Amino acid sequence: MDTIAIPALNRPVDATVEIPGSKSLTNRALLVAALAQGDSLLENALFSEDSEYFAKCVEQLGIPITLNPDLAQIRVAGRGGDIPAKQADLFVGLAGTAARFISALVALGNGEYRLDGVPRMRERPMGDLLTVLQTGGATVNFEGNSGFMPYTVYSQGFTGGNFRLKANQTSQQLSALLMIAPYAQQDTNIEVEGTLVSQSYVKMTCRLMADFGVEVIQIGDNQFQIKAGQRYQARHYTVEPDASNASYFFAAAAVTGGRVRVKHLTKQSCQGDILWLNVLEQMGCQIKDSDDYTEVTGPKQLQGIDIDMNDISDLVQTLGAIAPFASSTITIRNVEHIRYKETDRIKAVVTELRRLGVQVEEFPDQLKIEPGPVTPAAIETYHDHRMAMAFAVTGLKVPGIVI
């Protein structure tokens, strides 16, 4: 088994760091650049397993992509909405964005496209998106359980029209539909049924679409209109540093009472996870913001907090990992949908905190963490990168923690 021992710090951290590009923005930009006419250059793009699976899928669909990891650049030769490949066997690994976005992209094609992923990806919800794609003209053949991978999409273009979509488990399915809608045969109107989780990611999608020249009209919280005939414009696009990734570095300052400055990331970021700064501020951290960096200085003692994290749910693990060092209870609410991510993230955080000797109460949509002494242990990651990153921060404070 591969293990990483985290070296505890014997002093407050004091660092200035540069963070890789946002995964969420990189994958969205890959999709819209593939649909644009002409060459787009994505600067500060993220090179990770998820984005590389995504790029490979786009290439298999006949849209040329040139990767330059040394310069963090991706060049996309967009085909103006055309999907050249008439057949493809596409593998997305554990990448939820790739799974949802590629499924929507192939609905614009004219052919048959099989999609599959790792065993956990086969458990992640796809059905609501696929129902809309079928209503819009596609046929989907499931090899196993209906609504889950693996499946083959038979498409003849996306009709557009009026759709209702559930988005109570993930907002990625809505983002996928929004991004392909300009290339539908008629205007698209999407009404979200019930609660829309992770709204900040939908706002990110709409802002990125606008950056590439397409307008989304939003009426209230749950209705979206996209005019057919709009087209993405090829461009040079610089991907912001990943705010979710930055959360671990800011958390390191918080737990050690130190200082961390993240370059090129500001409170004006289009990423919802920049709201992590507000969480840390409520817990006693000092935030310094400029036009080219953000800096967090941790307090002598973190304060407890009771917080609804529905809109910044990718940071639940980060807060869980620093919660034992607070002065009072940490309560995280309204995050049932993170049970359907790379792993059941509520259960995983609870299990690993208990492994560290921390008292935790688990509820269907929340968890309550009592601060207290941490006993060193080997942390399980469940093949989830956020478990590894979050609990590495715990290891900066407590000697003997192994990921």
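Residues numbered from 1 in each chain as written. Predicted model: local features only at pLDDT ≥ 70, side-chain atom pairs only at ≥ 80, totals over all residues. Heavy atoms only, no water.

As recorded by an unreviewed UniProt entry, the protein chain carries the name 3-phosphoshikimate 1-carboxyvinyltransferase and is attributed to Nostoc commune DRH1. The record held by UniProt for the protein chain lists under Catalytic activity (unreviewed entry) the comment "3-phosphoshikimate + phosphoenolpyruvate = 5-O-(1-carboxyvinyl)-3-phosphoshikimate + phosphate". Its UniProt record gives the protein chain a comment under Subunit (unreviewed entry), which states: "Monomer." (UniProt positions renumbered as here; feature names shortened; annotations may be inferred.)

Tallying each qualifying case throughout the model produces 1 cavity of 30 Å³ or more. Contributing to the lining of the largest cavity are 27 residues, with Ser 24, Gln 172, Tyr 201, Asp 314 and Lys 341 lying nearest its centre. Among the secondary structure elements, those contributing two or more residues to the lining of the largest cavity are helix 1 (23–35), helix 3 (96–106) and helix 6 (199–211). Looking at the lining of the largest cavity, its residues break down into 3 nonpolar, 13 polar and 11 charged. Each of domain 1 (5–12 + 268–280 + 301–402) and domain 2 (23–222) contributes no fewer than three residues to the lining of the largest cavity. (1 Å grid on protein atoms, 1.4 Å probe; cavity = no way out; pocket = protein on both sides within 12 Å on 5 of 7 lines; lining within 4 Å. Points joined across faces, edges and corners; volume = space filled by probe spheres on them. Helix = DSSP H or I, 4+ residues; strand = E, 2+ residues; numbered from the N terminus. Nonpolar A, V, L, I, M, F, W, Y, C, P; charged D, E, K, R; others polar. Domains from an automatic or database assignment.)

A few words now on the pairing of strand 18 (residues 330–333). Note: strand 17 (residues 305–308) against strand 18, 4 bridges, orientation parallel. Bridge pairing in strand 18 places Asp 306 opposite Thr 331. In this region the chain leaves strand 17, passes through helix 9 (residues 316–322) and returns to the parallel neighbour strand 18; the handedness of that crossover is right-handed. Strand direction decides the pairing type here: strand 18 and strand 20 (residues 367–370), joined by 3 bridges, are antiparallel. (Pairing = 2+ DSSP bridges. Right-handed = clockwise from strand over helix to strand, strands pointing away.)

Relative to the 18 Å expected for 13 residues at 1.5 Å per residue, helix 1 spans 19 Å between its end C-alpha atoms, a close match to the ideal helical length. Burial within helix 1 is extensive, with 13 of its 13 residues counted as buried. At the N-terminal end of helix 1, a side-chain oxygen is found 3.3 Å from the backbone nitrogen of Ser 24, two or three residues along, and the residue is Ser 22. (Expected span 1.5 Å × (residues − 1). Buried < 20%, exposed > 50% of the residue type's maximum accessible area, 1.4 Å probe, protein only. Polar contact = N/O pair within 3.5 Å; in protein donor to acceptor, adjacent residues only side chain to side chain.)

Moving on, we get to the packing of helix 10 (residues 345–355) against helix 11 (residues 385–397). Two elements in contact, helix 10 and helix 11, have axes separated by 11 Å at closest approach and are oriented at 35 degrees. In terms of crossing hand, the pair formed by helix 10 and helix 11 is right-handed. Contact residues: Arg 345, Ala 348, Val 349, Glu 352 and Leu 353 in helix 10; His 385, Arg 386, Met 387 and Phe 391 in helix 11. Its residues assigned to classes, the contact of helix 10 with helix 11 comprises 5 nonpolar, 1 polar and 3 charged. (Axes fitted to C-alpha atoms, helices over the stretch in contact; angles between N-to-C directions. Left-handed = near helix turned anticlockwise from the far one by under 90°. Contact = heavy atoms within 4.5 Å.)

Right, let's talk about unusual backbone geometry for a bit. Most peptide bonds take the trans configuration, and most residues that are not glycine carry a negative phi. Cis geometry marks the peptide bond from Met 149 to Pro 150, where omega comes out at -5 degrees. Mapping Pro 150 onto the fold places it in the loop between strand 7 (139–142) and strand 8 (151–156). The phi dihedral of Ser 198 falls on the positive side, at around 50 degrees, and the residue is not glycine. Note on placement: Ser 198 falls in the loop between strand 10 (188–193) and helix 6. On the accessibility criterion, Ser 198 (4% relative accessible area) is buried. In this model, His 264 sits at a positive phi of 65 degrees, which is unusual for a non-glycine residue. Within the secondary structure layout, His 264 lies in the loop between strand 14 (259–263) and helix 8 (276–282). Relative accessible area serves as the criterion here: at 40%, His 264 is assigned to the partly exposed category.

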